[in-house]
Amino acid sequence: MGYYGGEGYGYGWVVIQPPKKRRVDSREVIDLLISWAVLTIAFGAASLLTGSLIGLAVAGVAVATAFVAHELSHRQVARRYGLYAKYRAWYAGLALALALALLSTKFLGRTFVFAAPGAVYITALYPISNPKAEIRVAEAGPLANIAVAIITLIVSTALPFPWHYYALAVGSVNAWIAFFNLLPIPPLDGFKILRGAPGEWVALFAVALALYFFT
């Protein structure tokens, strides 16, 4: 997950002229739906192999709040900076995520997910460097996941079983997505945040790590 600038990986750009009215991008909608479906199967691999429809449904909700919220947060913050942003699926990454999840669940008894379904691609009319835009766009995705993880962790304390477990499952997926994307490795969000705002990266990574262990 993450995003890419229009002229290669790097800083975002400022649009000097206001963009035209945006229309619904059918390819973006299809890419989001396919990515959501594949990641639902990946995160719900154990439920799928055991025939648990409830578990698969919980995985679907978890992926919707984690992956979809993550990517749309990147997109919307980029647009607030006047940038043109669209989500595009990475089908090789989706195939790898699905294969790794199913094989690890089947043969190892644990589900491992390589969460790299695609990215938000960003372009602009004029290539003017804007480091602040890059940092804020990069932070938007993990922050959305951290917010969902905290909310579900709090809500789970007031829910009876099995709803308590379901809420924790949703929070766990969000915590994992936040932690994974905050790793300081290019092209992940954490690399861009650490490069531009080291203090903010440390704070976000610490929170994501704590949530990962507590959900």
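To be clear, the structure that these remarks concern was listed above.
Just so we're clear, the structure is a prediction, and the values are computed from it rather than from any experiment. (Residues numbered from 1 in each chain as written. Predicted model: local features only at pLDDT ≥ 70, side-chain atom pairs only at ≥ 80, totals over all residues. Heavy atoms only, no water.)

Caption draft 1: Inspection of helix H4 (residues 91-108) at higher detail. Relative to the 26 Å expected for 18 residues at 1.5 Å per residue, H4 spans 25 Å between its end C-alpha atoms, a close match to the ideal helical length. Within the span of H4, buried status applies to Gly93, Leu94, Ala97, Ala101, Ser104 and Thr105. Mapping the buried residues of H4 onto a view down its axis gives an arc of 115°, with all of them on the same face. Facing away from the buried surface of H4 by more than 90 degrees, the exposed residues are Lys106 and Phe107. At its buried positions, H4 is contacted by helix H1 (26-43), helix H2 (45-50) and strand S3 (84-89). Where H4 terminates, the next one or two residues include Gly109, which has phi positive at roughly 80°. (Helix = DSSP H or I, 4+ residues; strand = E, 2+ residues; numbered from the N terminus. Expected span 1.5 Å × (residues − 1). Buried < 20%, exposed > 50% of the residue type's maximum accessible area, 1.4 Å probe, protein only. Arc of directions from axis to C-beta. Contact = heavy atoms within 4.5 Å.)

Caption draft 2: Structural detail: the packing of aromatic side chains. A full pass over the atoms with the stated rule returns 11 aromatic pairs. Pairing Phe114 with Phe180 gives two aromatic rings, centres 6.5 Å apart and planes at 80°, and the pair type is edge-to-face. Taken together, the residues span a long stretch of sequence, with Phe114 in the loop between H4 and strand S4 (118-123) and Phe180 in helix H6 (residues 163-181) at a distance of 66 residues. Geometrically, the ring pair formed by Phe179 and Tyr212 is stacked, given 5.5 Å between the ring centres and 10° between the ring planes. (Phe/Tyr/Trp six-rings, centres within 6.5 Å; stacked < 30°, edge-to-face > 60°.)

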